[in-house]
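The primary structure of each chain is shown beneath.
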Amino acid sequence: MAADLPMGSLLPTATPKTKALSGNRLLSLRGKSMSKAGALGGKNEKKERMLLSEAEAMGDFTADDVIQETQLNKGTEMLLNDFELEMLPSKLLDPPIANLRHLDLSNNRLRVLNSDISFLSGLEKLVLGNNLLEELPEALGNLEELRHLDVSHNLLKDLPPTLMFAENLDSIAMDYNKCEEIPGVILDMSWMSTIYLAENHAIKGFPSVHDLQKLGVCKIGLDNEPYLWAQHKEIASQIPRIT
């Protein structure tokens with residue numbers, strides 16, 4: 001069951017630290033990145049994001065600074081990773097940034113995700129990896145534009161059933177969680193392309209072949225979980241999209 005999935009589905013467990021930029025220079029770069037999100041491509045965009053992430057790790061500015069800069073520049077991308085956040089900053093949702101498309105909240109200490117996050121109605125990519133989340137709010141199903149959801153490296157046992165209403169959702173990274181079974185809601189999301197569930201060791205079986213056939217084109221990435229290998233061999237010819 002080798003996963004045929006895009007590289008980078010698994011989030012790193014640590015962010016390397018390098019020499020920090022000055023606060024003013026960092027905020028200037030952040031504003032430039034937010035206001036031109038999507039305009040840069042390839043290596044330039046990756047360099048910009050890497051530089052910002054490294055500087056964040058050195059603690060040069062606060063999450064509120066990032067939010068304010070994004071609001072001022074009408075940015076579409078916000079990187080709030082590595083701020084040791086335990087809850088969503090109030091400024092993020094008061095008022096909601098209507099044009100925000102990409103929100104990265106990874107590598108924090110979030111235990112609860114405020115249901116008001118659904119007010120960010122334009123979100124297409126939401127990254128919540130490497131937090132302490134035990135459940136997700138049902139309000140996520142209201143994010144009609146959401147395409148990619150990363151909740152890897154958390155404490156989740158399931159996905160909210162309301163996700164079936166997020167009809168543009170294409171992929172979910174849910175590796176390294178506490179799932180005890182394949183989330184039932186994905187059986188009602190036949191349009192999805194991928195759900196990645198590697199390193200959920202409590203999963204000991206598959207739904208019925210009848211139910212799995214509802215998946216349509218969706219691939220389930222389990223990455224050679226030993227407890228599932230024998231069952232996988234039995235159903236592989238009928239459900240080839242499990243890897």
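Thresholds applied
- Residues numbered from 1 in each chain as written.
- Predicted model: local features only at pLDDT ≥ 70, side-chain atom pairs only at ≥ 80, totals over all residues.
- Heavy atoms only, no water.
- Helix = DSSP H or I, 4+ residues; strand = E, 2+ residues; numbered from the N terminus.
- Buried < 20%, exposed > 50% of the residue type's maximum accessible area, 1.4 Å probe, protein only.
- Contact = heavy atoms within 4.5 Å.
- Areas by Shrake-Rupley, 256 points an atom, 1.4 Å probe, with all protein chains shown as cover.
- Phe/Tyr/Trp six-rings, centres within 6.5 Å; stacked < 30°, edge-to-face > 60°.
- Salt bridge = Lys/Arg side-chain N within 4 Å of Asp/Glu carboxyl O.
- Arc of directions from axis to C-beta.
- Pairing = 2+ DSSP bridges.
- Axes fitted to C-alpha atoms, helices over the stretch in contact; angles between N-to-C directions.
- Core = buried A, V, L, I, M, F, W, Y, C linked by side-chain atoms within 4.5 Å.
- pLDDT = per-residue confidence, 0-100.

### Observations concerning the overall build of the chain
So, point 1. Across its full length, the chain holds five helices and seven strands.
So, point 2. Each helix (α) and strand (β) of the chain, taken in turn from the N terminus, gives the series α-α-α-β-β-β-β-β-β-α-β-α.
So, point 3. A buried classification covers 47% of the 243 residues belonging to the chain.
So, point 4. Counting only contacts in the chain whose residues sit at least 6 apart along the sequence, the fraction spanning at least 24 positions is 51%.
So, point 5. For the chain, the computed accessible surface area is about 12,100 Å², with 50% contributed by carbon and sulfur atoms.

### A closer look at the packing of aromatic side chains
So, point 1. Tallying each qualifying case throughout the model produces one aromatic pair.
So, point 2. Look at Phe61 and Phe83: their rings are 5.7 Å apart centre to centre, the planes differ by 75 degrees, and that puts the pair in the edge-to-face class. On the criterion of sequence distance, the pair formed by Phe61 in the loop between helix 2 (42-57) and helix 3 (63-73) and Phe83 in the loop between strand 1 (77-79) and strand 2 (102-104) is long-range, its members being 22 residues apart.
So, point 3. Look at Phe61 and you get buried, because its relative accessible area is 7%.

### Focus: the pattern of salt bridges
So, point 1. Throughout the structure, instances matching the rule amount to two salt bridges.
So, point 2. Arg109 is paired through a salt bridge with Glu84; the nearest N and O atoms lie 3.9 Å apart. Of this pair, Arg109 sits in the loop between strand 2 and strand 3 (125-127) while Glu84 sits in the loop between strand 1 and strand 2, and the two are 25 residues apart along the sequence.
So, point 3. Residue class for Arg109 comes out partly exposed when judged on its relative accessible area of 41%.
So, point 4. Note on Glu84: relative accessible area 52%, which makes it exposed.

### Some thoughts on unusual backbone geometry
So, point 1. In this structure, the amide linkage connecting Asp94 to the following residue, Pro95, adopts the cis form with an omega of -5 degrees.
So, point 2. Checked against the element boundaries, Pro95 lands in the loop between strand 1 and strand 2.
So, point 3. At His153, a residue that is not glycine, the phi angle is positive and equals roughly 55 degrees.
So, point 4. Note that His153 resides in the loop between strand 4 (148-150) and strand 5 (171-173).

### Quick notes on helix 3
Turn by turn, an α-helix covers 3.6 residues, leaving residues three or four places apart pointing in a common direction.
So, point 1. Within helix 3 the residues assigned to the buried category are Ala63, Val66, Ile67, Glu69 and Thr70. Down the axis of helix 3, the buried set is contained in an arc of 165 degrees. They therefore lie on one face.
So, point 2. Among the residues trailing helix 3, Lys74 stands out with phi positive, at a value near 55 degrees.

### Digging into the environment of Val66
So, point 1. Take Val66: it is sitting in helix 3.
So, point 2. For Val66, a relative accessible area of 0% corresponds to the buried category.

### What about the environment of Leu92?
So, point 1. Position of Leu92 relative to the elements: it lies in the loop between strand 1 and strand 2.
So, point 2. Discounting chain neighbours no more than four positions away, the residues touching Leu92 are Ile67, Met78, Ile97, Leu103 and Leu120.

### Some thoughts on the sheet that holds strand 3
So, point 1. The sheet built from seven strands is open, its strands ordered 1-2-3-4-5-6-7 with parallel pairing. The outermost strands of the open sheet, each flanked by one partner alone, are strand 1 and strand 7 (219-221). The sheet shows a mean angle of 5 degrees between the axes of neighbouring strands, taken without regard to direction.
So, point 2. In terms of strand pairing, strand 4 meets strand 5 through three bridges, oriented parallel. Counterpart to Leu149 in the pairing with strand 5 is Ile172.

### Focus: the nonpolar core
So, point 1. Residues Leu80, Leu103 and Leu128 are the most contacted members of the largest nonpolar core, which totals 52 residues.
So, point 2. Contacts of Leu128, omitting those with residues within four sequence positions, involve Leu105, Ser106, Leu110, Leu113, Leu133, Leu136, Leu149, Asp150, Val151, Ser152 and Asn154.

### Thoughts on the confidence of the model for the chain
So, point 1. Taken residue by residue, the chain gives an average pLDDT of 78. The fraction at 70 or more is 66%.
So, point 2. Note that pLDDT drops below 50 for residues 1-25; the model gives that stretch 54 contacts with residues more than four away or on any other chain.
So, point 3. Confidence over residues 31-41 falls short of pLDDT 50; this stretch has 18 contacts with residues more than four positions distant or in other chains.

### Some words on the environment of Val127
So, point 1. Examined against the element boundaries, Val127 turns out to sit in strand 3.
So, point 2. Here Val127 falls in the buried class, since its relative accessible area comes to 7%.
So, point 3. The spatial distance from the C-alpha of Val127 to the C-alpha of Ser152 is 8.7 Å, given a sequence separation of 25 residues.

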